[in-house]
2 protein chains.
Amino acid sequence: MFSSTPQVRSLHINNINPHVKEAKYAVRGELAIKSEQYRSQLANGEGKDLPFDSVISANIGNPQQLDQKPITFFRQVASLMENPQLLEQEDVLKNGLGYKSDVIQRAKKLLKDVKSVGAYSQSQGAPGIRKSVAEFIERRDGYASDPEHIYLCGGASAGVNALMSVICSSPQTGVLVPIPQYPLYTATLSLLNAQVVPYYLKEESNWSTDVGDMRAALKEAQKKGIDVRAVVVINPGNPTGGSLDADHIKSVIELAAEEKLVVLADEVYQTNVFEGEFTSFKKCLRELQKSEANKDGKFDNLELASLHSVSKGMVGECGHRGGYYEMVGFDPEVVAQIYKFVSIMLCPPVVGQCIVELMVNPPKEGEPSYPQYREEYDTIFNNLYKRAMALYGAFQEMEGVECQPPQGSMYLYPTIKLPQKAIEAAEKAGKNADDFYCLKLLDATGVCIVPGSGFGQKEGTLHFRTTFLAPGTEWVSRITKFHKDFYDTYR
Amino acid sequence: MFSSTPQVRSLHINNINPHVKEAKYAVRGELAIKSEQYRSQLANGEGKDLPFDSVISANIGNPQQLDQKPITFFRQVASLMENPQLLEQEDVLKNGLGYKSDVIQRAKKLLKDVKSVGAYSQSQGAPGIRKSVAEFIERRDGYASDPEHIYLCGGASAGVNALMSVICSSPQTGVLVPIPQYPLYTATLSLLNAQVVPYYLKEESNWSTDVGDMRAALKEAQKKGIDVRAVVVINPGNPTGGSLDADHIKSVIELAAEEKLVVLADEVYQTNVFEGEFTSFKKCLRELQKSEANKDGKFDNLELASLHSVSKGMVGECGHRGGYYEMVGFDPEVVAQIYKFVSIMLCPPVVGQCIVELMVNPPKEGEPSYPQYREEYDTIFNNLYKRAMALYGAFQEMEGVECQPPQGSMYLYPTIKLPQKAIEAAEKAGKNADDFYCLKLLDATGVCIVPGSGFGQKEGTLHFRTTFLAPGTEWVSRITKFHKDFYDTYR
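Given the structure is predicted, the values throughout are model-derived calculations rather than measurements.

Observations regarding the overall build of chain A
Helix and strand content of chain A: 17 helices and 14 strands. Computed over the C-alpha atoms, the radius of gyration of chain A is 23 Å, within 12% of the 23 Å expected from 2.2 N^0.38 for a compact globule of 491 residues. Taken along the three principal axes of its C-alpha coordinates, chain A extends 65 × 60 × 55 Å. Of the contacts formed within chain A by residues at least 6 apart in sequence, a portion of 73% connects residues at least 24 apart. As displayed, chain A offers around 18,000 Å² of accessible surface, 50% of which is attributable to carbon and sulfur atoms. For chain A, the distance from the average site of its 52 positive side-chain charges to the average site of its 60 negative ones is 3 Å.

Description of the UniProt feature "domain: Aminotransferase class I/classII large" (unreviewed entry) in chain A
Within this numbering scheme, the UniProt entry marks residues 102–473 of chain A as carrying the feature "domain: Aminotransferase class I/classII large" (unreviewed entry). Helix makes up 43% of residues 102–473 of chain A and strand 15%, and the two end C-alpha atoms of the span are 37 Å apart.

Side note on the relation of the copies chain B and chain A
With an RMSD of 0.0 Å, chain B superimposes on chain A once it is rotated by 180° and translated 0.0 Å along the axis. One copy is carried onto the other by what is essentially a two-fold rotation axis. When C-alpha distances to the rotation axis are compared across chain B, the minimum falls at serine 79 of chain B, with a value of 2.0 Å.

Details of the domain arrangement of chain A
All names here are of chain A. In terms of domain boundaries, chain A breaks down into domain 1 (18–66 + 376–490) and domain 2 (120–360). Measuring from the centre of the C-alpha atoms in domain 1 to the corresponding centre in domain 2 gives 28 Å. Every contact between the two is made by 36 residues of domain 1 and, on the other side, 38 residues of domain 2. Summed over both partners, the interface of domain 1 with domain 2 buries about 3,200 Å², with 57% contributed by carbon and sulfur atoms.

Regarding the sheet that holds strand 6 (residues 262–266) of chain B
Residue and element names in this part refer to chain B. The sheet built from seven strands is open, its strands ordered 2-8-7-6-5-3-4 with mixed pairing. Edge positions in the sheet fall to strand 2 (150–153) and strand 4 (195–200), since each has one partner strand and no second. Strand-to-strand twist across the sheet, computed as the mean angle between neighbouring axes with direction ignored, equals 20°. With four bridges connecting them, strand 6 and strand 7 (residues 304–309) associate as parallel partners. Across the sheet, the residue bridging to leucine 264 is alanine 305, located in strand 7. With respect to the sheet, helix 9 (residues 211–223) is in contact with strand 3 (173–179), strand 4 and strand 5 (227–234), its orientation differing from that of strand 4 by roughly 150°.

Regarding the interface of chain B and chain A
Contact with chain B, which involves 98 residues of that partner, is made by 98 residues of chain A. For the pair chain B and chain A, the two sides together bury roughly 8,200 Å², of which 55% comes from carbon and sulfur. Here chain B is connected to chain A by four salt bridges. Elements that contribute at least two residues to the side of chain B that touches chain A include exactly helix 1 (18–22), helix 2 (30–43), helix 3 (72–82), helix 4 (90–96), helix 7 (155–167), helix 8 (184–191), helix 12 (332–344) and helix 13 (350–360) of chain B. By residue number, the principal contributor to the side of chain B that touches chain A is helix 12 of chain B, which donates eight residues.

Considering helix 16 (residues 433–445) of chain B
Counted at 1.5 Å a residue, the expected span for helix 16 of chain B with its 13 residues is 18 Å, and the 18 Å between its end C-alpha atoms agrees. Of all the residues in helix 16 of chain B, the buried ones are Ala433, Asp434, Phe436, Tyr437, Cys438, Leu439, Leu441, Leu442 and Thr445 of chain B.

What about unusual backbone geometry?
Residue isoleucine 179 of chain B is joined to proline 180 of chain B through a cis peptide bond whose omega torsion reads 0°. In this model, asparagine 235 of chain B is joined to proline 236 of chain B through a cis peptide bond whose omega is -15°. By the element assignment, proline 236 of chain B lies in the loop between strand 5 and helix 10 (246–259). Phi at lysine 260 of chain A is positive, roughly 50°, even though this residue is not glycine.

So, the sheet that holds strand 10 (residues 411–412) of chain A
Note on sheets: strands pair through backbone hydrogen bonds, and any given pair is parallel or antiparallel. Residues and elements named next belong to chain A. Strand order in this open sheet of three strands is 10-14-13, and the pairing throughout is antiparallel. Since the sheet does not close on itself, it has two edges, and those belong to strand 10 and strand 13 (450–451), each with one partner. The pairing of strand 10 with strand 14 (residues 464–467) spans two bridges and is antiparallel. Among the inter-strand pairings, leucine 412 is bridged to a residue of strand 14, identified as threonine 466.

Some words on the packing of helix 9 of chain B against helix 10 of chain B
Two packed helices can be described by the angle between their axes and the distance between those axes. Residue and element names in this part refer to chain B. It is the contact of helix 9 with helix 10, at a shortest axis distance of 10 Å, that shows an interaxial angle of 25°. Here helix 9 is positioned roughly parallel relative to helix 10, judged by the angle of their axes. For the pair helix 9 and helix 10, the sense of crossing is right-handed. Contact with helix 9, carried on its side by Val211, Met214, Arg215, Leu218, Lys219 and Gln222, involves Ser251, Val252, Leu255, Glu258 and Glu259 of helix 10 and no other residues of that element. A breakdown of the residues in the contact of helix 9 with helix 10 according to their chemical character gives five nonpolar, two polar and four charged.

As for the packing of aromatic side chains
Applying the stated criterion across every chain, the model contains 38 aromatic pairs over all chains. Look at tyrosine 269 of chain B and tyrosine 411 of chain B: their rings are 5.5 Å apart centre to centre, the planes differ by 80°, and that puts the pair in the edge-to-face class. With a gap of 142 residues between them, tyrosine 269 of chain B in the loop between strand 6 and helix 11 (281–290) and tyrosine 411 of chain B in strand 10 (residues 411–412) connect regions that are remote in the sequence. Relative accessible area serves as the criterion here: at 2%, tyrosine 269 of chain B is assigned to the buried category. The structure contains a cluster of three or more aromatic residues connected by ring pairs, namely Phe395, Phe436, Tyr437, Phe464, Phe482, Phe486 and Tyr490 of chain A.

Some thoughts on the nonpolar core
Tyr185 and Tyr325 of chain A together with Tyr325 of chain B are the most contacted members of the largest nonpolar core, which totals 349 residues. Not counting chain neighbours up to four residues away, the residues in contact with tyrosine 185 of chain A comprise Val160, Met164, Val177, Val232, Ile234, Asp266 and Leu307 of chain A.

Here we look at the pairing of strand 4 of chain B
All names here are of chain B. Bridge count for strand 3 against strand 4 is six bridges, and the pairing is parallel. Each residue of the ladder has a partner; that of valine 177, found in strand 4, is proline 198. On the question of chirality, the crossover connecting strand 3 to the parallel strand 4 by way of helix 8 is right-handed.

So, the side chain of aspartate 141 of chain B
Residues and elements named next belong to chain B. Take aspartate 141: it is sitting in helix 6 (residues 127–141). For aspartate 141, a relative accessible area of 5% corresponds to the buried category. Engagement of the side chain of aspartate 141 in a polar contact is seen with the side chain of serine 280, the distance being 2.9 Å. Ignoring anything within four residues of it in the chain, the contact list for aspartate 141 reads Ser280, Lys282 and Lys283.

Remarks on the environment of valine 447 of chain B
All names here are of chain B. Mapped onto the fold, valine 447 is located in strand 12 (residues 447–448). Classification of valine 447 by relative accessible area gives buried; the value is 0%. What valine 447 contacts, discounting residues up to four positions off in sequence, is Ile56, Leu441, Leu442, Trp475, Arg478 and Ile479.

Conventions used here
Residues numbered from 1 in each chain as written. Chains lettered and ligands numbered in written order. Predicted model: local features only at pLDDT ≥ 70, side-chain atom pairs only at ≥ 80, totals over all residues. Heavy atoms only, no water. Helix = DSSP H or I, 4+ residues; strand = E, 2+ residues; numbered from the N terminus. Rg over C-alpha atoms; globule rule 2.2 N^0.38 Å. Contact = heavy atoms within 4.5 Å. Areas by Shrake-Rupley, 256 points an atom, 1.4 Å probe, with all protein chains shown as cover. Lys, Arg positive; Asp, Glu negative; His and termini not counted. Charge placed at Lys NZ, Arg CZ, Asp CG, Glu CD. UniProt positions renumbered as here; feature names shortened; annotations may be inferred. Least-squares fit on C-alpha atoms with pLDDT ≥ 70 in both. Domains from an automatic or database assignment. Buried area = accessible area lost by both parts, 1.4 Å probe. Pairing = 2+ DSSP bridges. Axes fitted to C-alpha atoms, helices over the stretch in contact; angles between N-to-C directions. Salt bridge = Lys/Arg side-chain N within 4 Å of Asp/Glu carboxyl O. Expected span 1.5 Å × (residues − 1). Buried < 20%, exposed > 50% of the residue type's maximum accessible area, 1.4 Å probe, protein only. Parallel < 35°, antiparallel > 145°, perpendicular 65-115°, else oblique. Left-handed = near helix turned anticlockwise from the far one by under 90°. Nonpolar A, V, L, I, M, F, W, Y, C, P; charged D, E, K, R; others polar. Phe/Tyr/Trp six-rings, centres within 6.5 Å; stacked < 30°, edge-to-face > 60°. Core = buried A, V, L, I, M, F, W, Y, C linked by side-chain atoms within 4.5 Å. Right-handed = clockwise from strand over helix to strand, strands pointing away. Polar contact = N/O pair within 3.5 Å; in protein donor to acceptor, adjacent residues only side chain to side chain.

Structure (structure tokens):
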């Protein structure tokens, strides 16, 4: 790469870590940066010549930036965690501020566990919170979970980073990654100088996994000398919006058992499911372990790491950076290395850990805060569903656009077929056709979405990912109008 | 390394990332884990046979775990950030809860900037908070600072990780690291498979830097083909407790300018200074740039990254994971890669970012919260100083122990000379002599400190690091009594 900078410094673009340079992360890339510039132009009153009056960040799953209200119970507890002196004024809290008794009790319980949100916790996370997570998993799956196997982390991203950092031992290490995928996975593998072994999801069957394709990808990689050690599955899917059933999940686990692969199950959208029910990898694994299929014990030592997060679901607390992963079947010596790795960064944010606890252990029926919690939760869920369907409806009307029905997560990932002239115009501009389309959309409407090239797509196909988090539907009509104009221009 | 685990899994101790295995981080290592076991034994009533009734964690700078009270103003604002609905009840806040008007104003200002602490911020940190940090630096140093050069991060550790990840490009990359040092540096370089180029601090002159030694270490490394790119300085020192004056700092900058090294200035203890005044690397750099010494422009492009944190000082908000680094003189193309790197992890915890803002912009004289802030701040400072002096006094009485007078940070790092028999007993037990001593201390007294081997020390010398954060002085007498018994046993 050519750099115009004279070499007067220690660091320049040609001598820094090449693996950082190789990493790609389009979700916060060129388009996102440009959209932020538009936003600040508008905020400073310098945007009068722009053809739009607001920027719609449909590029990133950031609900509270888009006016989703936080769940009151969570934030009431968090306010007491931040200022425990308030607990000395229970009357004022209850009568003046409407804090219910369960809010106060929960804050006291959490404070007992973490002592102060300003203190480092254990590197693995506060013991009481890990216990609460284990109990949640047990209720969810009907199978036991051990708090010692739970690692709290600063958002699922930090968990993926820790796990991958231990898994990847050489440039020949490979990890099976779905295409399309959330680019954290390819970016992390780039940083670690390991190999992405792509397997393609089946768009025509709602972006489900095809274990035959996965095996073929694995075998091909092995032929090239790649030591494939793990398989990533994102369920519900990002960017696809697909949701896997138990049979698909079990097939992946069977493949992993046969080929001795660690399964990394990214389940951060587990409550964002519109069709059917979420089934966890952990539950499927335990069922397989109990089943006839395990008579030779082949599932006994399967290594599964399942990730969850407070950033998604109806919680949407991205800025708190909270999450956890449960590791089952791992070698204790390996776990000790993961422990050491995370201890170098000391501990995950403690308020984020508390939000994890609140997410996995929300108010129960009969408790004072339950009615409000239920109402807020359901409203968010229903709004997400409504907006997903509205967006899906709009896509069905758009020329050259095909979209799978929304099943889960916070995204739609339609295919777009662009007119030949548009593809030529993109080439002339030195851009991928989907990048070109998304850039034109942003410039014309202020709506920021992410081109399919940022997630991966089959050669010759084009997609984009949009969240359905932005309130209202006016912005959807911006897209449809732009799309029509775009087609008319390049037809 | 031998592993007893049969190879039934994908991962085992012999095939995972060797650089993770090599990394050492004693602050949270064997001793810390054992001390946590003692603590939970005592908590569960299973510790009746232990020769102590409490565990004293003097191994880690975690003030709020050791009963340091958070600063009220910070936590009042944070409680409103968590629950902005409280702002609709200003009367109750002011009259019922004693929140002052500046608390309320600050929360409103911060909320305007971040929108919600549950929303992702810009990857670099919220713009208004970065502006506040830049203004702080300007007030502190008397030289301008640009908010675009400020990167907020999840504690200084995350900043070091980002910077090192970009700097280290091959196994031949070297970074000058002080010995003794906070083991984050050596651990991070291990993880990145780069080379530690050690330079020794001068114990006899209060652990100051010696630029002659640094240059010699650099030259020796270069002779071995190591591409030395950066120099780390921790000031005030961890684990040493030393504090550098402007002349020492300027000498390091001169060396860096001559040898084209990035300077990484770890200044997280900048307010923990007991003797003289803290002087920042940034200020010294700007002075040199304006001086006659710069007539050939040799300081114009010096790359300096200065780190600060909410975890230390009188703030002590470790659990919030907040910090920042300012980068000056870096190539914009390199900065763009650092930006991309941090964007993969999305953003630092937003409450932590808010605590950074509060730290750098606390109540000012004349503002309603000022008197309480001042009182709390001064009390913490004075208690730290008193305890440092008490500990120093105790060390002066102990046989075979020599300690530099406390100048700054939160630690003392005495030399210990152990009787020959103790050294032999340690050898027999397969331990370093300092590890052996610290383990015996923990087993006998419940006081957890960190052996010098965790930070590095000159061949043939032995040290340990202890914080002076634990309240009271009873635990200090546990150490002196143990030490006497230890000597009597092995004399």
